[in-house]
Amino acid sequence: MSNPSRTGLDALLTPEESVLVLIDHQPFQFANLNSHEPTMVVNNVVGLAKAAKAFGVPTVLTTVLEERGGLLIQGIQDVFPEQKPIDRTFINTWQDERVVDAVKATGRKKLILAGLWTEICLAMPAIQAAGEGFEVYAVTDASGGVSAEAHDMAVRRMVQAGVVPITWMAVLGEWQRDWAREETVQAAAEVQAQHGGATGVAFAWEMQLLAAGRAA
């Protein structure tokens, strides 16, 4: 089992090393999401999905019992319209060989996960994958639990297992890393404008001021 460093430049994410798995963002799970405002989790996970597409990060979509739990939310599916989510019976995503094979096929070891609910569908695969040598990052604000306590205890448990908690905009920032990275800067700015809350509003205002300055 690998023991990746938690400090230094190599501990930060890069698009070239990352693979993203989005787990069970479905109506049934959202119906009992109480740790966060559900619309905020929708905003954040769609922003994360758009960022992954912009940076060319392989993304695996998966659902559990979609006939009863509902289809993947449309906002994520719209980002990857050609991809059919892997529908599981396993509660623990990492016990489904199709998901694991899809991740391993990328050859990447920095595994980024977000899912509903944190205490079950995120914690289980995160802890198992960390034990199998992956460097696992749990996107806490694109995930949520049945209560604030359930979410918090799950994050603490994952940290004890070596999983790194992170937020979706931190993921985007580490992928971009340098605003001189021109091939992705426009897409990164667009994702922030659409899903970055106050950051997006401030960015739009800055663009307005710059346009006014050029007009003058």
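Residues numbered from 1 in each chain as written. Predicted model: local features only at pLDDT ≥ 70, side-chain atom pairs only at ≥ 80, totals over all residues. Heavy atoms only, no water.

The protein chain goes by Hydrolase in an unreviewed UniProt entry, where it is assigned to Streptomyces microflavus.

1. Some words on the environment of Arg214
As for its position among the elements, Arg214 is in helix H10 (residues 198-215). For the pair formed by Arg214 and Val164, sequence separation is 50 residues and the distance between their alpha carbons is 44 Å. (Helix = DSSP H or I, 4+ residues; strand = E, 2+ residues; numbered from the N terminus.)

2. Focus on the UniProt feature "domain: Isochorismatase-like" (unreviewed entry) in the protein chain
Per the UniProt record, "domain: Isochorismatase-like" (unreviewed entry) is found at residues 18-168. Split by type, residues 18-168 is 45% helix and 19% strand. Its first and last C-alpha atoms lie 14 Å apart. (UniProt positions renumbered as here; feature names shortened; annotations may be inferred.)

3. Re the side chain of Ser143
Following the sequence through the fold, Ser143 ends up in the loop between strand E5 (135-139) and helix H7 (148-160). Relative accessible area serves as the criterion here: at 0%, Ser143 is assigned to the buried category. There is a polar contact of 3.0 Å between the side chain of Ser143 and the backbone nitrogen of Gly115. If we ignore the near neighbours within four places in the chain, the residues touching Ser143 are His36, Val41, Ala114, Gly115, Leu116, Thr118, Leu122 and His151. (Buried < 20%, exposed > 50% of the residue type's maximum accessible area, 1.4 Å probe, protein only. Polar contact = N/O pair within 3.5 Å; in protein donor to acceptor, adjacent residues only side chain to side chain. Contact = heavy atoms within 4.5 Å.)

4. Re helix H9 (residues 182-195)
With 14 residues, H9 extends 20 Å from end C-alpha to end C-alpha; this agrees with the ideal 20 Å at 1.5 Å per step. Along H9, the residues that are buried comprise Thr184, Ala188, Ala189, Val191, Gln192 and His195. For H9, the angular spread of buried residues about the axis comes to 160 degrees, placing them on one side. In H9, the exposed positions that point more than 90 degrees away from the buried face belong to Glu182 and Gln186. Gly197, located one to two residues past H9, shows a positive phi value of around 60 degrees. (Expected span 1.5 Å × (residues − 1). Arc of directions from axis to C-beta.)

5. Details of the side chain of Thr93
As for its position among the elements, Thr93 is in the loop between strand E3 (86-88) and helix H5 (97-104). Using a relative accessible area of 1% as the deciding quantity, one classes Thr93 as buried. Apart from residues lying up to four places away in sequence, Thr93 is in contact with Ile23, Thr62, Arg88, Val99, Cys121 and Pro125.

6. Side note on the pairing of E5
Counting buried positions over the five residues of E5 gives five, a clear majority of the element. Side-chain alternation along E5 places Glu135, Tyr137 and Val139 on one buried face and Val136 and Ala138 on a second face that is also buried. Pairing of strand E4 (residues 110-115) with E5 involves four bridges; the strand directions are parallel. Bridging across to E5, Leu111 finds its partner in Val136. Read as a crossover between parallel neighbours, the route from E4 over helix H6 (residues 118-131) to E5 is right-handed. By the bridge criterion, three bridges tie E5 to strand E6 (residues 164-166) in an arrangement that is parallel. Following the sheet pairing, Val139 is matched in E6 by Ile166. Each parallel crossover has a hand, and the one from E5 via H7 to E6 is right-handed. (Pairing = 2+ DSSP bridges. Right-handed = clockwise from strand over helix to strand, strands pointing away.)

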